[in-house]
Amino acid sequence: MTTMNPDRWAEANRLFHAALERTPQDRAAFLDEACADDEQLRDEVRSLLAFHEEADRFLDTPPADGVREGQMVGPYQLIREVGKGGMGVVYLAEDTRLGRMVAFKALPAAWAGDAERRERLRHEARAAAMLSHPGVATIYALEEIENQLYLVSEFVRGETLRDELQHGRLPLSVVVETGLGLAEALAAAHDRGIVHRDLKPENILRTMDGRVKIVDFGVAGLGSSPDRSPSPGTPAYMSPEQRHGGRVDFRSDLYALGIVLHELACGAHPFASSDVRAVLDVPGPLEAALEAVIARCLAEDPAERYQFTHDVVTDLKSACQRPTAVSAPAGPSASLPSTGVASALWWWQFHQIFITAGYGVLLYFLWMTRPWSASQVGQSLFFVAVVGALGAGILRVHLWFTLRSFPADWFGQRKRAGIWIRLADATLGITALTAGVIYGTGHPRAAALFVGSAVGILVAFTIIEPATTRAASRQFGKRENHSRSGFRR
Amino acid sequence: MSPDSVDATSPMVEELYRELRRLASGYLRRERARSVQATELVHEAYLRLLKDKHPQWQSRTHFLAIAAISMRRLLVERARARSAAKRGGEQVQVTLDEGLLATRAQSFDLVALDRALVDLARLDPQQARIIELRFFGGMTVEETADVLSVSPATVKRHWTIAKAWLLRELQGGSSA
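J.: Explanation requested: the overall build of chain A in the structure shown.
T.: Helix and strand counts for chain A stand at 17 helices and 10 strands. Burial statistics for chain A: of 489 residues in total, 40% are counted as buried. For chain A, the share of sequence-separated contacts (at least 6 apart) that also reach a separation of at least 24 residues comes to 65%.

Next up, the structure:
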């Protein structure tokens, strides 16, 4: 509370205790009367009363200090903390019965004591556990161990969209693709009558292969019960009906989806600016299509939003397929950065071409040295290298070509191809190293060359490539923003 | 000197702080996988210092009132040091006890609680002190009332609203 000072706090204290002496039903009326002309004070006391209900066992256990290695909670062995969510600390844990890795989350202590909430939670978790969709982190179990509730779900390796947003808005094509992934996952859940209730960038993870996964389906929103206001949920992503304690259905998720998409496309929450349209008001077919989807999701009245989550999927799909959807600058020459040779994108392109040429050189040497080794070994090495070099080379040239011709797709393509390129690079590195070892005694110079290339590949792989790619992505993002603000003028 | 007038810079707080830290690391060395409860530590420190017939301690409550300040400092500093080590990318091989607590009854970190207590002290210093004495010092309502020279009912009232306020502060911070 910004305006809280000791005097107002004393007044809030007086009202809080006076309200506590009344029955829960009478409290609202009492506060309305006592704070007739001071809404802020009333809200403060109300919120304190709501938290008082939760604070029952809070601070009851004395603090402790110490170490523990891989503590067991029931059959779960905690491995390490992986993050702090809205509901508590999340651990990577091993389910020792099944030997699989899970995300292990302790739910707030107060939840276990609240029989009604626990029942609702159980009900929701049971429904959500039936949901199996690549865009949803599957819930495995809701465990009650020593009077404490734990949510056990699929462990997803990746970054949250909140982390991604730290670097600013995403390229529009990525936003549409992300939106499509989210809408498909939501559609699958909504088909089964499961509502997320707390969709926000913190609850969405992007996996290594670029797909999105929604976590905490069905249970995240139970942090707030409708009878308590103001609720301790995430107000910034709540739909109007959620904020006002109205009936919450799948259309509340669509509202939150609208906010998330807006945030991804513009880098800011829609209501950070006074007018939604002002931020996204950019001509261009993709922008228009996305904007229409977002605007419809953000309708105040649920009846004016999409009435069918599959319609969001359809609309986003058609936005993707528009031939003119690529919001790229006019020609290949315009797509190149104007800052000259030293720019990060240039380096990235140079790196791709240089490495591809390097593959050719390596292949040539492997071919030439083939007869030196006993029987088929040289031959096999050469063929393994051919496979690796072809795979990585084709992907690198493909990415380079995409950047020059279809820049809007580059970001997504790069994410998808990355792992394969690295795999192929690793294969080539190992091949070169093997060749070096085999030829080591008879042909020390050639061996040195092979070991040298293996080291070179390793350095490029671990240090140079990640750096140039990161720099290029950053520059690419900036350029996209640039070209869009250019359109606006 | 009234125990309540003791502040965090008092030499007694400093001395107790060192004693508690020594005891804590002794515990943890002896029994690797065990955690130490603050109250346990305070109790042991009390017995130890009682043997020394320390003239400064006027009573058990006086001792506890000072121990609460030392304990708060000790726990918060350790929590802060550990989270700094984690951020620095150092290999943390041990999992820490805030985690253990989080899976049991508390899901907040002590550093955040410490910060919230500083804010609360601006609104009502006595409420912040009550939390410190009861939570970090492990004192009962009656002992707290005795130290602060107020009625137990007052301690209970302050405890109730301060807990609600702190919980809101901590949850608001983590869900953003």
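J.: Where do I start with the overall build of chain B in this structure?
T.: Along its length, chain B carries eight helices and two strands. Reading the helices (α) and strands (β) of chain B from amino to carboxyl end gives α-β-α-α-β-α-α-α-α-α. For chain B, buried positions account for 42% of its 176 residues. In chain B, the proportion of contacts linking residues at least 24 apart, taken out of those at least 6 apart, comes to 69%.

J.: Is there a simple way to explain the packing of helix α14 (residues 344–369) of chain A against helix α15 (residues 377–405) of chain A in this structure?
T.: Residue and element names in this part refer to chain A. Between α14 and α15, whose axes approach to 9 Å, the crossing angle comes to 165 degrees. One way to sum up the angle between α14 and α15 is to call them roughly antiparallel. When the axes of α14 and α15 are compared, the crossing they make is left-handed. Of the residues belonging to the contact of α14 with α15, the class tally is 17 nonpolar, six polar and one charged.

J.: I'm lost on the environment of Gly 210 of chain A in this one. Help?
T.: Residue and element names in this part refer to chain A. With respect to the secondary-structure elements, Gly 210 resides in the loop between β9 (204–206) and β10 (212–214). Spatially, the C-alpha atoms of Gly 210 and Gln 413 are 9.1 Å apart, while their sequence positions differ by 203 residues. In this structure, Gly 210 is in contact with Gly 412, Lys 415 and Arg 416, ignoring residues within four places of it in sequence.

J.: Help me understand the sheet that holds β9 of chain A in this model?
T.: Residues and elements named next belong to chain A. One open sheet accounts for three strands, arranged β8-β9-β10; its pairing is antiparallel. Here the strands that pair on one side only, and so sit at the sheet edges, are β8 (159–160) and β10. Its contacts with the sheet place helix α7 (residues 172–191) against β9 and β10, and it is angled at close to 35 degrees to β10.

J.: It is not clear to me how the nonpolar core should be interpreted in this structure. Could you clarify?
T.: One recurring pattern in soluble globular proteins is that nonpolar side chains are buried together. Residue and element names in this part refer to chain A. In this structure, Phe 104, Val 175, Ile 214 and Leu 257 are the most contacted members of the largest nonpolar core, which totals 90 residues. It is helix α9 (residues 250–266) that provides the largest number of residues to this core, a total of 11 residues. Not counting residues within four places of it along the chain, the set of residues in contact with Phe 104 comprises Tyr 76, Leu 78, Tyr 91, Ala 93, Tyr 150 and Val 152.

J.: Looking at this model, I keep getting lost on the packing of helix α6 (residues 125–136) of chain B against helix α7 (residues 141–148) of chain B. Mind explaining?
T.: Residues and elements named next belong to chain B. With their axes 10 Å apart at the nearest point, α6 and α7 run at an angle of 135 degrees to one another. Here α6 lies oblique to α7, going by the angle between them. The two elements α6 and α7 cross, and the hand of that crossing is right-handed. On α7, the residues touching Gln 126, Arg 129, Ile 130, Leu 133 and Arg 134 of α6 are Thr 144, Val 147 and Leu 148. Tallied by class, residues from the contact of α6 with α7 come to four nonpolar, two polar and two charged.

J.: Please explain the environment of Ile 355 of chain A as it appears in this structure.
T.: All names here are of chain A. Relative to the helices and strands, Ile 355 resides in helix α14. As for Ile 355 and Ala 389, which are separated by 34 residues in sequence, their C-alpha atoms are 9.8 Å apart. Once residues within four sequence positions are removed from consideration, Ile 355 is found in contact with Arg 396 and Ala 460.

J.: When you look at the confidence of the model for chain A in this model, what are you seeing that I'm missing?
T.: Atomic detail in the predicted coordinates should be set aside for any region of low pLDDT. Overall, the prediction assigns chain A a mean pLDDT of 77, with 79% of residues at 70 or greater. For residues 480–489 of chain A, every residue scores under 50 in pLDDT, and the model assigns this stretch eight contacts once sequence neighbours within four places are set aside.

J.: So what exactly am I meant to see when it comes to the confidence of the model for chain B here?
T.: Confidence in the prediction of chain B, expressed as mean pLDDT, is 70, and 57% of residues score 70 or more. Interface confidence for the predicted complex, given as ipTM, is 0.73, next to a pTM of 0.44.

J.: It is not clear to me how helix α1 (residues 6–21) of chain A should be interpreted in this structure. Could you clarify?
T.: Three- or four-residue spacings in an α-helix give side chains the same orientation, since the helix completes a turn every 3.6 residues. Its 16 residues give α1 of chain A an end-to-end C-alpha distance of 23 Å, which sits within 8% of 22 Å, the value for a rise of 1.5 Å per residue. The set of residues buried in α1 of chain A consists of Ala 12, Asn 13, Leu 15, Phe 16 and Ala 19 of chain A.

J.: I'm lost on the environment of Leu 113 of chain B in this one. Help?
T.: All names here are of chain B. Within the secondary structure, Leu 113 sits in helix α5 (residues 110–123). Overall, Leu 113 belongs to the buried group, with 22 C-beta atoms counted inside 10 Å. Sequence separation between Leu 113 and Val 76 is 37 residues; the distance between their C-alpha atoms is 8.7 Å.

J.: Any chance you could explain the pairing of strand β5 (residues 100–106) of chain A here in plain terms?
T.: One face of the sheet, then the other: side chains in a regular strand alternate in exactly this way. Residue and element names in this part refer to chain A. For β5, a buried count of five out of seven residues is recorded, marking the element as mostly surrounded by other parts of the structure. Of the strand pairs in this sheet, β5 and strand β7 (residues 148–154) are connected by five bridges, and their pairing is antiparallel. Within β7, the residue paired with Lys 105 across the bridge is Leu 151.

J.: Teacher, can you tell me more about unusual backbone geometry here?
T.: Non-glycine residue Arg 197 of chain A carries a positive phi angle of around 80 degrees. Of note, Arg 197 of chain A is situated in the loop between α7 and β9. Non-glycine residue Ser 149 of chain B carries a positive phi angle of around 55 degrees. Along the polypeptide, Ser 149 of chain B turns up in the loop between α7 and α8 (152–175). Since 9 C-beta atoms lie within 10 Å of it, Ser 149 of chain B is described here as exposed.

Reading the values: the criteria
- Residues numbered from 1 in each chain as written.
- Chains lettered and ligands numbered in written order.
- Predicted model: local features only at pLDDT ≥ 70, side-chain atom pairs only at ≥ 80, totals over all residues.
- Helix = DSSP H or I, 4+ residues; strand = E, 2+ residues; numbered from the N terminus.
- Buried ≥ 20, exposed ≤ 12 C-beta atoms within 10 Å, placed from the backbone.
- Contact = placed C-beta atoms within 7 Å.
- Axes fitted to C-alpha atoms, helices over the stretch in contact; angles between N-to-C directions.
- Parallel < 35°, antiparallel > 145°, perpendicular 65-115°, else oblique.
- Left-handed = near helix turned anticlockwise from the far one by under 90°.
- Nonpolar A, V, L, I, M, F, W, Y, C, P; charged D, E, K, R; others polar.
- Pairing = 2+ DSSP bridges.
- Core = buried A, V, L, I, M, F, W, Y, C linked by C-beta atoms within 7 Å.
- pLDDT = per-residue confidence, 0-100.
- Expected span 1.5 Å × (residues − 1).

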